[in-house]
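Now for the letters of each chain:
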Amino acid sequence: MKKQIHSNITQLCTLILSALLLSACATTTYSKKATQLYVFNCGNIEVRDLSIFTPGTNTGKVKQMTDSCYLIKHEKGMLFWDTGLNDSLGPKGVDAWEGKFHLSVSNPLSTQLNEINVKPSDIDFLGISHFHGDHTGNANLFTQSALIIQQEEYDAAFGDDPSKAGFDASSYKDLDKSKIKIISGDLDVFGDGTVVIKRAIGHTPGHQVLFVDLDESGPIVLSGDLYHFTDNRTHKRVPSFNFDKGQTLEAMEQIEAFVNQKKARLWIQHDLEQNKAIKHSPAYYQ
Ligand SMILES: [Zn+2]
């Protein structure tokens, strides 16, 4: 009888131990925090002559575009992708490029970050698709983040004459004090393949796009300005002001092959119609 009780207790102990081990394993599995992607409206762009983006067609046609920027919260840190138009433009905005564009900001990025309790100084990495002013507008907020930039973009943006590449150096001047990681290719930011900066040059000397792989929402590529709207993706049109047409077409081909291989969605950052169907901060994707 004593032996039987002892055996029962041993069995019970084994059961409890197994349950504890299982729950420990389960805790380990679920303790990996899912990566989250926040989308912000970082400005509005009215194009007064669309043919700038579609050489040979759409002369004089007016088109509204949006200007998106993004926050990726990964368990190993936070990456901000593109910084939109400068908050100070406000809802009235200004004309730019001899009146070819009208630029405005309805809701400041700083307000949108406050809303989700994130300070620019909390951001570990700053990825900027390219250094045109509608992507570097609020870059000076992120001096405490490590900037990740392609070699050619760095040379153009921080060289003798950034205006030659169409860059407005004042919009990112404080970043020269930042930690800067210069790359010539792709970079797996957190080392697990879920957040990867991909070289896609041509729009500017060192243009890049961002791949984000989310547990529930799946793989997404953020376009930078590889395309500005869906119709240009369909027709593979290259805007007249791109740095290099051949490189742009090559980048389009490479990124499309990557999108197909990953079965990813391509989110076109300036595409107003596409962005209407995308949920914006404080909601997020994970
Ligand atoms: Zn742009």
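This text gives an overview of the structure that appears in the document. The structure presented is a predicted model; accordingly, all values stated were derived computationally and were not measured. (Residues numbered from 1 in each chain as written. Predicted model: local features only at pLDDT ≥ 70, side-chain atom pairs only at ≥ 80, totals over all residues. Heavy atoms only, no water.)

## A word on the nonpolar core
Phe-40, Leu-71, Phe-80, Leu-109 and Phe-131 are the most contacted members of the largest nonpolar core, which totals 24 residues. Where this core is concerned, the elements lending two or more residues are β1 (36–47), β2 (63–74), β3 (77–81), α2 (109–115), β7 (146–150) and α4 (151–158). Ranked by residues supplied to this core, first place goes to β1 with 3 residues. Leu-37, Val-39, Tyr-70 and Ile-278 belong to the second-largest nonpolar core, a separate cluster that totals 21 residues. (Core = buried A, V, L, I, M, F, W, Y, C linked by side-chain atoms within 4.5 Å. Buried < 20%, exposed > 50% of the residue type's maximum accessible area, 1.4 Å probe, protein only. Helix = DSSP H or I, 4+ residues; strand = E, 2+ residues; numbered from the N terminus.)

## Digging into the pattern of salt bridges
Counted according to the given criterion, the structure contains 12 salt bridges. Lys-100 serves as the salt-bridge partner of Glu-98, at 3.1 Å between the closest nitrogen and oxygen. Take Glu-98: its relative accessible area is 73%, and that puts it in the exposed class. Look at Lys-100 and you get partly exposed, because its relative accessible area is 30%. In this structure, Lys-236 engages Glu-256 in a salt bridge whose closest nitrogen and oxygen atoms are separated by 3.9 Å. Of this pair, Lys-236 sits in the loop between α5 (230–235) and α6 (245–262) while Glu-256 sits in helix α6, and the two are 20 residues apart along the sequence. Connected through salt bridges with shared partners, the residues Glu-46, Arg-48 and Asp-95 form a single ionic network. (Salt bridge = Lys/Arg side-chain N within 4 Å of Asp/Glu carboxyl O.)

## Considerations on the sheet that holds strand β13 (residues 265–267)
Ordered in space as β9-β10-β11-β12-β13, the 5 strands form an open sheet in which the pairing is mixed. The open sheet has two free edges, formed respectively by β9 (187–188) and β13, since each of these has just one partner strand. Relative to strand β11 (residues 208–214), strand β10 (residues 195–199) is paired through 5 bridges, and the arrangement is antiparallel. Residue pairing for β11: Ile-197 is matched across the bridge by Leu-210. (Pairing = 2+ DSSP bridges.)

## Re unusual backbone geometry
Residues Ser-281 and Pro-282 are joined by a peptide bond in cis, for which omega reads 15 degrees. If you trace the backbone, Pro-282 turns up in the segment after α7 (272–276). The phi dihedral of Asn-58 falls on the positive side, at around 65 degrees, and the residue is not glycine. Along the chain, Asn-58 turns up in the loop between β1 and β2. Of note, the phi angle at Lys-263 is positive, near 55 degrees, even though the residue is not glycine.

## Structural notes on the coordination of the zinc ion
Taken together, Asp-134 (OD), His-135 (NE2), Asp-225 (OD) and His-270 (NE2) make up the full set of protein donors to the zinc ion, lying 2.1 Å away. What the 4 donor atoms of the zinc ion show is an angle range of 88 to 160 degrees at the metal, which sorts the shape as irregular. Summarised as a motif, the one-chain spacing of the donors to the zinc ion is D-H-x89-D-x44-H. A residue pair is termed long-range when its members are at least 10 positions apart, and Asp-134 in helix α3 (residues 133–136) and Asp-225 in the loop between β12 (218–222) and α5 qualify at 91 residues. Accessibility assignment for this pair places Asp-134 and Asp-225 in one class, buried. (Donors = N, O, S within 2.8 Å, 3.2 Å for Na, K, Ca; no water. Tetrahedral: all angles 85-135°; square planar, octahedral: opposite > 155°, others 65-115°.)

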